[in-house]
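Close look at the chain arrangement
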Amino acid sequence: MSAVPSDTEHSYLDDASSSTSSASSYDSDCSYDESDSQVMAVNENKQSHLRLLGMQSRSTCGYCGTVDGSRFLAMRAIRLTCDDYQTLIDRGWRRAGSLLYLTDHSDACCAYYTIRCHALGHVLSTSDKKLLRRIRRHLSPAVTTYNDVSDPLVPRVCEIERGGDLEVRLEPASFSEEKFGVFEKYQVAVHDDQEVSRQGFRRFLCDSPLLFQPLAQAADQDVLPMSGLGSYHQCYYVGGRLAAVGVLDILPSCVSSVYLFYDPEFSHLSLGTFSALREIALVRQLHQQCSLPNLQYYYMGYYIPSCPKMTYKGRWRPADLLDLYTFKWIPIDRCLERIARYPVFCTFDPDVDKLAITRDRKDQVLDVVPAISPELLTPEQQRRALEQMEVLVDIGGLFGAPRRIASVSGSQLTLISD
């Protein structure tokens, strides 16, 4: 594996991102065992099954362009419960298809901070209101006013869909030629990717290791078609044509954005920004109508201070960044003060103010006081890091050892990861 999987490509800025993520690169970087898909299809075991792949080699960073960029720890998810993935994502992990990865923050060219928006407390900004009005006017020329756009509640946002030619459908993550056609056009136009494959598209954005988790109480089928947690596609149709697809994971506490791709012919509609507002609205919808009181957050992937095209995620407030030293969520305004002092990577806890990494212009570590690294955590901190997760790790085949599945605790996984 030679390249770090890019973070959520949501195209919120509605133009080409600095990320070089693509399905073809995912194909080449991540080996895939067909037996894995068979396990996913027939195994009734509801426990997570992860294969630890270990620390991966460095490669060129898609965000800052550093040739010898970051390393990352990787696991292959054969199957993954929604609860376990919520635990992992709340400790800095992300998924690309069935690959789970965590950047080695103690020696990285860029700082990666998981960001989440408090969807229930979100209020539309002036620019968001203007966008909603512009989309409504474009889709419904006869309608010249849009009342009460200051209220971000779902019914207000959904009026855009009912008032014109825009239809939004939430459906299970699945492959279709229509979706692949839009994805191919997007990859070529936005990422200059000339090697788009159906197989890569399936693995990257359709196949998911998440085990479907039915809701205790049936949901409104118009809101959540499968009535449960798992991976979905939110499809945007304009005039009956598929214009964009948002790939989402609906988890116990959040809606997590995995990827968004759109037909470049509709780029004038700023569907990247609109889809973010619509996904915030989806969180509110699920919270209010589907008996999911804990589902309150919208996860946008990584906030990367050194990459201007990834800092826009902080515009949707209130928002928090994850402190990977304490595993606490800290309001973003407090974090930005620390980031200004320690631009490479830092903790936001004032009690450990010296815990940061700084580099010189040659990307050499100058001051590690100490580096935030698993071996520097106390045993109690190690146990707390992943104490809620129980996973199965396939350790067969190493050094000729017989193949077997071992059940390990979260604290053991932390030590294995180190």
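Cut-offs used in this document
- Numbers given for residues are sequential positions, taken from 1 along each chain in its written order.
- Thresholds applied to this predicted model are a pLDDT of at least 70 for local features of residues and 80 or more for the giving and counting of side-chain atom pairs; totals over whole chains, interfaces and linings are not thresholded and use all residues.
- Water and hydrogen atoms were dropped before computing side-chain values, which therefore reflect all heavy atoms in the structure.
- Angles run from 0 to 180 degrees between N-to-C directions of axes, and those axes are lines fitted to C-alpha atoms, restricted for helices to the stretch in contact.
- Helix and strand definitions here come from DSSP, where helices need a minimum of 4 consecutive H or I residues and strands a minimum of 2 consecutive E residues; each element is numbered from the N-terminal end.
- Note that the term roughly parallel is reserved for angles under 35 degrees, roughly antiparallel for angles over 145, roughly perpendicular for angles of 65 to 115, and oblique for everything else.
- Whether two residues are in contact is decided by their heavy atoms: any pair within 4.5 Å suffices.
- Working definition: a disulfide is two cysteine sulfur atoms within 2.5 Å of each other.
- Each residue gets one of three labels from its accessible area relative to the maximum for its type: buried under 20%, exposed over 50%, partly exposed in between, using a 1.4 Å probe on protein chains only.
- One requirement defines pairing of two strands: DSSP has to find at least two bridges between them.

At their nearest, the axes of helix 6 (residues 177-191) and helix 7 (residues 198-206) sit 11 Å apart, and the two run at 100 degrees to each other. By the angle between their directions, the pair helix 6 and helix 7 is classed as roughly perpendicular. When helix 6 is examined against helix 7, the residues E177, K179, F180 and F183 are found in contact with a partner set consisting of R198, F201 and L205.

With that settled, the discussion passes to the state of the cysteines. Within this structure, the stated rule accounts for zero disulfides. C235 forms no disulfide, and the closest cysteine sulfur to it belongs to C206, at a distance of 9.9 Å. Judged by its relative accessible area of 0%, C235 falls in the buried class. Its sulfur unpaired, C307 is 7.2 Å from the next cysteine sulfur, which belongs to C110. Judged by relative accessible area, C307 falls into the buried class, the value being 2%.

Cis geometry is adopted by the peptide bond preceding P318, which originates at R317 and carries an omega value of -5 degrees. Relative to the helices and strands, P318 is located in the loop between strand 11 (297-303) and strand 12 (319-323). In this structure, D192 is a non-glycine residue whose phi angle is positive, near 55 degrees. By the secondary structure assignment, D192 is in the loop between helix 6 and helix 7. Classification of D192 by relative accessible area gives exposed; the value is 58%. Despite not being glycine, S270 shows a phi value in the positive range, around 55 degrees. If you trace the backbone, S270 turns up in the loop between strand 10 (254-262) and helix 8 (271-289).

Once that is clear, we can look at the pairing of strand 9 (residues 241-250). Counting buried residues in strand 9 gives nine out of ten residues, a clear majority hidden from the surface. Here nine bridges tie strand 8 (residues 228-238) to strand 9, and the two strands are oriented antiparallel to one another. The residue of strand 9 that forms the bridge with S231 is D249. Between strand 8 and strand 9, which pair antiparallel one after the other, the connecting turn spans two residues, and G239 there sits at a positive phi close to 60 degrees.

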